[in-house]
2 protein chains.
Amino acid sequence: MAGKPETQIRPISNIVIVVAMEMEALPIVNRFRLTRQPHSSFPERVPWVRYGGTYKDLSINLIWPGKDPASGADSIGTIPSALVTYAAIQALQPDLIINAGTTGGFKAKGASIGDIFIISGCAFHDRRIPIPGFDLYGVGLRKAFDTPNLIKELNLKVGRLSTGNSLDMTLQDESLIMANDATVIDMEGAAIAYVADLLKVPAIFVKAVTNIVDGDKPIVEEFLENLAAVADALDPAVEQVVNFINGNSLSEL
Amino acid sequence: MAGKPETQIRPISNIVIVVAMEMEALPIVNRFRLTRQPHSSFPERVPWVRYGGTYKDLSINLIWPGKDPASGADSIGTIPSALVTYAAIQALQPDLIINAGTTGGFKAKGASIGDIFIISGCAFHDRRIPIPGFDLYGVGLRKAFDTPNLIKELNLKVGRLSTGNSLDMTLQDESLIMANDATVIDMEGAAIAYVADLLKVPAIFVKAVTNIVDGDKPIVEEFLENLAAVADALDPAVEQVVNFINGNSLSEL
């Protein structure tokens, strides 16, 4: 049997956590006692924020795309997440990317509020390009890095993630989410998976369910009601995942 | 009156043209006799393609995001264009970004097949985030760099551009395109405007109409029928624009 690549057998030492919203980021920053890095490796003008530190045997950086200068809103959605993932990989050369965040879940597929999901694969539901070849490109299905031992040990739920740039859901979105066989939906995951795959960095996705998409409450209302509580549930889950990662190589996840 | 910044008064010397499809890129590459740059300033694994050369007094680089490794399709849409614009600005420090490409036009707003538009402003029509502040962020309206002399001299049409990741158009898309007051639509412009604005590089948009969105033919069918012809109409327009730019400073555009 051929030897595994060196990165597969040495313990993981350098991880980057990509998070879209400040309310999701700060509990994780506090839990790992990360500190804001004033002289970041990013261009001067971008609003991207990096928190860094050492936790157990790991160098951890958390990247948040910051507030949009024009509107003051958190820079959610696919474009800022793709950009910070690209820039963070270039600057920090991580062994592993973790995208942590809140997500909408389908109860018909087994999701409940507060559930933590590890994602098996990500795809887009708002890139409809009905030309052969381009249709598959639009869907952009990418597998997450396989972590069977982590999932078993932490007893986490597993499901597919579908990503789109809107917080609401049109009928077209819904039918493509179903076609993607998604249990949970977000606004960043598939973009982060795309960039990680482009640069051949393993990526995993830890998602906490803030709202039930196929429930009775309007998506936006339930999202806002539960965001703070679930953002707080996200950071213990990320800690569990990081504790499992610590001391293990990629092939042991 | 305070003096203008140095970049405003010296002639433009370094431009980057961002193009989404190979069929749009190659006529421009040939027209300016650009050559493929084998050792590009981009990471090794990305499919992004850079063509470079000197034309009159200008250093010109054309960047195309290349073929998606997974599907073989051209890497169209907002994410690859945002990434290459970011990477090209970092690597090449251009004075000006030109996004050139094909576009769908609304005849009710004065667009006809083969028209060349200079864009006054770009916004998104597929980022619906109905939370105060986030709604404006989602629309993401950004003005293009103002070029009154160029528009007058070349007698080009001017209009707003609306960007989305799908080639078709749902009712929700249509209503947001109308809200954006767009004459033409594409799949990249607002993402390129976003990155250029983030890094404070002036950006202009040259768009050739390939299909009439509010006409009788299905969008995809007309797009495919006209793509080659209009991609050929795009490169003389880009040449006209570049000829006007040559020898002028930003404030003279």
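Residues numbered from 1 in each chain as written. Chains lettered and ligands numbered in written order. Predicted model: local features only at pLDDT ≥ 70, side-chain atom pairs only at ≥ 80, totals over all residues. Heavy atoms only, no water.

At a closest axis distance of 9 Å, the pairing of helix α3 (residues 78-92) of chain A and helix α3 (residues 78-92) of chain B adopts a crossing angle of 45°. By the angle class used here, α3(A) and α3(B) are oblique. Of the two elements, α3(A) crosses α3(B), and the hand of that crossing is right-handed. Counting all contacts with α3(A), which are made through Thr78(A), Ile79(A), Ala82(A), Leu83(A), Tyr86(A) and Ala87(A), the residues of α3(B) involved are Thr78(B), Ile79(B), Ala82(B), Leu83(B), Tyr86(B) and Ala87(B). (Axes fitted to C-alpha atoms, helices over the stretch in contact; angles between N-to-C directions. Helix = DSSP H or I, 4+ residues; strand = E, 2+ residues; numbered from the N terminus. Parallel < 35°, antiparallel > 145°, perpendicular 65-115°, else oblique. Left-handed = near helix turned anticlockwise from the far one by under 90°. Contact = heavy atoms within 4.5 Å.)

Positive phi is not limited to glycine here, since Asp181(A) has a value of about 55°. Within the secondary structure, Asp181(A) is located in the loop between α6 (171-179) and β9 (182-186). One non-glycine residue with positive phi stands out, namely Arg33(B), at about 50°. Structurally, the position occupied by Arg33(B) is in the loop between α2 (22-31) and β2 (35-36). Classification of Arg33(B) as exposed rests on a relative accessible area of 74%. (Buried < 20%, exposed > 50% of the residue type's maximum accessible area, 1.4 Å probe, protein only.)

Before going further, it helps to spend a moment on the nonpolar core. Residues Trp48(A), Leu83(A), Trp48(B) and Leu83(B) are the most contacted members of the largest nonpolar core, which totals 76 residues. Setting aside residues no more than four positions away along its own chain, Trp48(A) makes contact with Phe42(A), Pro43(A), Trp64(A), Pro65(A), Gly66(A), Leu83(A), Val84(A), Ala87(A), Tyr86(B) and Leu198(B). (Core = buried A, V, L, I, M, F, W, Y, C linked by side-chain atoms within 4.5 Å.)

Now for helix α8 (residues 219-245) of chain B. Residue and element names in this part refer to chain B. For α8, with 27 residues, the first-to-last C-alpha span of 33 Å runs short of the 39 Å given by 1.5 Å per residue. The largest bend along α8 reaches roughly 55° and is located at leucine 227. Just past α8, the residue glycine 247 takes up positive phi, approximately 90°. (Expected span 1.5 Å × (residues − 1). Bend = angle between axes of the 7 residues up to and from the residue.)

Our next topic: empty space enclosed by the protein. Summed over the entire model, instances satisfying the criterion amount to three cavities of 30 Å³ or more. Of all elements in the fold, only β5 (96-105), α6 (171-179), β9 (182-186), β10 (203-212) and α8 of chain B reach the threshold of two or more residues within the lining of the largest cavity. Ranked by the residues each element gives to the lining of the largest cavity, the list is headed by β5(B), at six residues. Among the residues making up the lining of the largest cavity, the classes are represented as 16 nonpolar, nine polar and six charged. Reported here for the second largest cavity is a volume of approximately 270 Å³. Lining the second largest cavity are 26 residues, with Gly104(A), Leu167(A), Ile185(A), Asp186(A) and Met187(A) positioned closest to its centre. (1 Å grid on protein atoms, 1.4 Å probe; cavity = no way out; pocket = protein on both sides within 12 Å on 5 of 7 lines; lining within 4 Å. Points joined across faces, edges and corners; volume = space filled by probe spheres on them. Nonpolar A, V, L, I, M, F, W, Y, C, P; charged D, E, K, R; others polar.)

In this section: the relation of the copies chain B and chain A. Structural alignment of chain B on chain A gives an RMSD of 0.0 Å, achieved by rotating through 180° and translating 0.0 Å along the axis. Classification of the inter-copy transformation places it as that of a two-fold axis. Of all interface residues in chain B, 100% are interface residues in chain A too; the two copies therefore contact each other through one and the same surface. (Least-squares fit on C-alpha atoms with pLDDT ≥ 70 in both.)

Time to look at the pairing of strand β6 (residues 116-124) of chain A. On any regular strand, side chains alternate: one points to one face of the sheet, the next to the other face. Residue and element names in this part refer to chain A. Burial analysis of β6 places eight of its nine residues in the buried class, which makes it a mostly covered element. Relative to strand β10 (residues 203-212), β6 is paired through three bridges, and the arrangement is antiparallel. Its bridge partner lying in β10, phenylalanine 117 is registered against lysine 207. In terms of strand pairing, β6 meets strand β8 (residues 157-163) through six bridges, oriented parallel. Within β8, the residue paired with isoleucine 119 across the bridge is glycine 159. Sheet topology note: the β6/strand β7 (residues 142-143) ladder contains two bridges and is antiparallel. Within β7, the residue paired with glycine 121 across the bridge is lysine 143. (Pairing = 2+ DSSP bridges.)

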